[in-house]
Amino acid sequence: MCGIIGCVGRGDDTLDTLVHGLSKLEYRGYDSAGIALAGNGSIQIRKRAGELDRLEEALGSENDLSGTIGIGHTRWSTHGPPTDENAHPHADCTGSIAVVHNGIIENYQSLRDELEADGHEFESDTDTEVVPHLVEAELDAGASPDEAFRAAIDRLEGSFAIACVLDDSGSVFVARNDSPLVLGLGEEETYLASDVPAFREFTDQVVYLSDGEFAELWADGWRVTDASGDRIEKSIETISWDPEDTGKSGYDHFMLKEIHEQPRALRQCLRGRVNELEGDVTVPELDDLELERVHLVAAGTSYHAAVYGSQLLCAAGIPAQAHYAHEYAISPPPLENATVVGVSQSGETADTLAATREARRLGAETLALTNTVGSTMARECDKAFYIRSGPEIGVAATKTFAGQQTALNLLAEAATPGLGDRDLVSALRDLPGNVQEILDESDAEAVAEAYLDADAYFFIGRGLNFPVALEGALKMKEISYEHAEGFAAGELKHGPLALVTSKTPVLATVTGDGEFARKTIGNVKEVEARDAPVVAVTDRRSDVARYADHVLDVPGTHPRVAAILANVQLQLVSYHTAAKLGRSIDKPRNLAKSVTVE
Ligand code: AGP
């Protein structure tokens, strides 16, 4: 949801460093991109609507850009369409102050009215543009740059990570409220960004800013303060993953790379946490966690993982419910001693943060189940439980959904010590290898090819395979732009069946041979009777293959783990469908990886 970057001290490499950083942040938005260079008593701004390569093309024809202090931005539009004018950075009337911003300034209209009444002229439709004008007004009133920046920020209501450069100062000013911001500390240079990959190539030393904090960065130093300018001591953390982890490693798309990374990601998630000899699970981060009841709050793919997790916890005897975070934040159910678990890959999703904050305000114990060490959610919740999937760049979540499912199994097991399910533990041990088998042998590409002219795709499943159906449909719609819906298999006959035709393939996940499988096969027969093609995702423990036009196999395993495996097949169907339709797989239209606005 917009990415910002800044650097000081990179000398002649400043421009390249910014463009490199923006390429690593494009997953956060790709409606426009821009940079501002400062340092020679002037500010030079270049910005273009469209993806980063449009900006690069524009920069390629210019040899006159210089400056050793820089900021950059990649945009996901909130205020105003994606045009050159609305692209960041934005400047004040004199062109001597430039600002980039991630977030939403809720009171921008009244600020703009006030500034325009004072003679300030605006060039864009954005909320952000008020910031450089506010700084300008403070400077005109006699404030120092540092005071002017803090005074301007003090006027803002809403969410922001903001970086600001002035033509005649040797530093970058930054501020954070409700949007992520991390500092990078090099040997003789400093960085700021919405996310670590933007500068990971240059340093692994980072400082995470918290809400209400300001920072000033110089080539040879940095300082974090509060709104009054009083210094705040911050700890420096070391990033454990390598820069290569954020590259494509030869794959056509990050999504495909990340699908193929799942065996490794799941091994990392399980490492040291499952005790095969004892048949139980040990998660030190979850020690002392007594789960009387659980509310899982999440959005999108993470919500589907939360639905899956709620079923695991209920099966373990712990009342649990999954909630859309945005709904929970405005109308939480009675807590009744519930522990509130925020499920979020990024740990920065505004809706989910709003829900965990509301839970904290009401006095609940909170747990962040996330992929992102140092994320806002991890720092704000009472406990953090990491899924250890490694960086995920593709907008479509893949390996982190599998990581969330796996971690939720560990949570459910850790919450019921002494009741360990030995079969589950050995199935989890085999999980990475079983995912690899699917990746090596999947027929998903042929399935994608067979149904490229479909009118719509329907996904069905029961029990643990219901969230798999929801996730299968979300993946299909977000990257292929084709209509897709996921249903609890039993719900089909209560309305959606009216949509089923010979042009609507139904992808049915049927694992095991119990009651759920038998009933879902009944639903498969219902759609088959309406001429719908059927794709069965199955371990062949039932005879669903008899009724299917295509079969996507998953190795036989524990039912909980089967749901993780089935999803891998559905990821591949969506990927190949989108690839064959020529879609922008890693950067689907209108979307961004990390949704940091409500
Ligand atoms: C998944 O493919 C989507 N990109 C989206 O639904 C995502 O899962 C959702 O925005 C929540 O993100 P989070 O896990 O980072 O909180």
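Okay, so let's go over this structure.

Definitions and cut-offs
- Residues numbered from 1 in each chain as written.
- Predicted model: local features only at pLDDT ≥ 70, side-chain atom pairs only at ≥ 80, totals over all residues.
- Heavy atoms only, no water.
- Near = heavy atom within 4 Å.
- Polar contact = N/O pair within 3.5 Å; in protein donor to acceptor, adjacent residues only side chain to side chain.
- Areas by Shrake-Rupley, 256 points an atom, 1.4 Å probe, with all protein chains shown as cover.
- 1 Å grid on protein atoms, 1.4 Å probe; cavity = no way out; pocket = protein on both sides within 12 Å on 5 of 7 lines; lining within 4 Å.
- Sits in = over half its atoms within 2 Å of the grid points.
- Nonpolar A, V, L, I, M, F, W, Y, C, P; charged D, E, K, R; others polar.
- Axes fitted to C-alpha atoms, helices over the stretch in contact; angles between N-to-C directions.
- Helix = DSSP H or I, 4+ residues; strand = E, 2+ residues; numbered from the N terminus.
- Parallel < 35°, antiparallel > 145°, perpendicular 65-115°, else oblique.
- Left-handed = near helix turned anticlockwise from the far one by under 90°.
- Contact = heavy atoms within 4.5 Å.
- Core = buried A, V, L, I, M, F, W, Y, C linked by side-chain atoms within 4.5 Å.
- Buried < 20%, exposed > 50% of the residue type's maximum accessible area, 1.4 Å probe, protein only.
- Phe/Tyr/Trp six-rings, centres within 6.5 Å; stacked < 30°, edge-to-face > 60°.
- Lys NZ or Arg CZ within 6 Å of the ring centre and 35° of its normal.
- Pairing = 2+ DSSP bridges.
- Points joined across faces, edges and corners; volume = space filled by probe spheres on them.
- Salt bridge = Lys/Arg side-chain N within 4 Å of Asp/Glu carboxyl O.

Brief notes about the site of the ligand
Point 1. By nearness alone, 15 residues border the ligand, and Ser302, Ser344, Ser346, Thr349 and Glu478 come closest of all.
Point 2. The backbone of Thr301 places a nitrogen or oxygen atom 3.1 Å from an oxygen atom of the ligand.
Point 3. The contact in question runs from a nitrogen atom of the ligand to an N or O atom on the backbone of Val395, over 2.8 Å.
Point 4. In the complex, 91% of the free accessible area of the ligand, which totals 410 Å², lies under the protein chains.
Point 5. The cavity that encloses the ligand is the second largest pocket.
Point 6. Of the residues contributing to the shell around the ligand, the split by class is six nonpolar, seven polar and two charged.

Focus: the packing of helix α13 (residues 422-441) against helix α17 (residues 559-580)
Point 1. As a packed pair, α13 and α17 sit with axes 9 Å apart at the nearest point and diverge in direction by 15°. The angle between the axes of α13 and α17 places the two elements in the roughly parallel class. Handedness of the α13/α17 crossing: right-handed. In this structure, α13 contributes Leu424, Ala427, Leu428, Leu431, Asn434, Val435, Ile438 and Leu439 to the contact, and α17 contributes Arg560, Val561, Ile564, Leu565, Val568, Gln569 and Leu572.
Point 2. A per-class count over the contact of α13 with α17 returns twelve nonpolar, two polar and one charged.

A closer look at the nonpolar core
Point 1. Leu296, Phe385 and Phe459 are the most contacted members of the largest nonpolar core, which has 76 residues in total.
Point 2. A total of eleven residues in this core trace back to one element, the largest contributor, which is α17.
Point 3. Not counting chain neighbours up to four residues away, the residues in contact with Leu296 comprise Ala306, Gly309, Ser310, Leu313, Ala320, Gln321, Ala322, His323, Val341, Val343 and Leu408.
Point 4. Residues Leu18, Ala33, Tyr208 and Ile239 belong to the second largest nonpolar core, which totals 24 residues.

A few points about the packing of aromatic side chains
Point 1. In the structure shown here, the tally under the stated rule is six aromatic pairs.
Point 2. Here Tyr303 and Tyr324 contribute two aromatic rings whose centre-to-centre distance is 3.8 Å and whose plane-to-plane angle is 20°, an arrangement assigned as stacked. With Tyr303 in helix α8 (residues 300-315) and Tyr324 in strand β18 (residues 320-324), this residue pair connects regions lying 21 residues apart in the sequence.
Point 3. Exposure remark for Tyr303: the relative accessible area of 13% places this residue in the buried category.
Point 4. For Tyr324, a relative accessible area of 39% puts it in the partly exposed group.
Point 5. Ring geometry for Phe458 against Phe487: centres 5.8 Å apart, planes inclined by 50°, an arrangement best described as tilted. Of the two residues, Phe458 sits in strand β22 (residues 457-461) while Phe487 sits in strand β23 (residues 484-488), which places them 29 residues apart along the sequence. Each of the two residues, Phe458 as well as Phe487, counts as buried.
Point 6. The aromatic ring of Phe202 is capped on one face by Arg10, whose charged end is 4.1 Å from the ring centroid.

Some words on the sheet that holds strand β24 (residues 506-510)
Point 1. With parallel pairing, the five strands of this open sheet are ordered in space as β23-β22-β24-β25-β26. Both outer strands of the open sheet, β23 and β26 (550-553), are each paired with one neighbouring strand and no more. When strand polarity is set aside, the average angle formed by the axes of neighbouring strands in this sheet is 20°.
Point 2. Bridge count between β24 and strand β25 (residues 534-538): five bridges; the pairing is parallel. Considered in β25, the bridge of Val506 is made with Val534.

Regarding unusual backbone geometry
With the exception of glycine, most residues fall at negative phi, and the peptide bonds are largely trans.
Point 1. Of note, the bond from His88 into Pro89 is cis; its omega dihedral lies within 30 degrees of zero at 0°.
Point 2. Not every positive phi belongs to a glycine, and Asn337 is a case in point at roughly 65°.
Point 3. Considering the arrangement of structural elements, one finds Asn337 in the loop between α9 (325-330) and β19 (338-344).

A look at the layout of surface pockets
Space left empty within the atom packing is revealed by a probe, the size of a water molecule, rolled over the atoms.
Point 1. Of the pockets and cavities examined, the largest pocket occupies roughly 760 Å³.
Point 2. Lining the largest pocket are 40 residues, and of these Trp241, Asn371, Thr372, Val373 and Pro391 sit closest to its centre.
Point 3. Listing elements by their share of the lining of the largest pocket, those giving two or more residues are β14 (237-238) and α7 (262-270).
Point 4. With three residues, the top contributor of residues to the lining of the largest pocket is α7.

So, the pattern of salt bridges
Point 1. Scanning the entire structure with this criterion turns up 32 salt bridges.
Point 2. Note that Glu285 is salt-bridged to Arg273, the shortest N-O span being 2.8 Å. Taken together, the positions of Glu285 in the loop between β16 (280-281) and β17 (293-298) and Arg273 in the loop between α7 and β15 (274-275) put the pair twelve residues apart, joining distant regions of the chain.
Point 3. With relative accessibility at 2%, the residue Arg273 sits in the buried group.
Point 4. In this structure, the salt-bridge partner of Arg360 is Asp382, at a minimum N-O distance of 3.2 Å. Highlighted residues: Arg360 in helix α10 (residues 350-361) and Asp382 in the loop between α11 (376-380) and β21 (383-386), separated in sequence by 22 residues.

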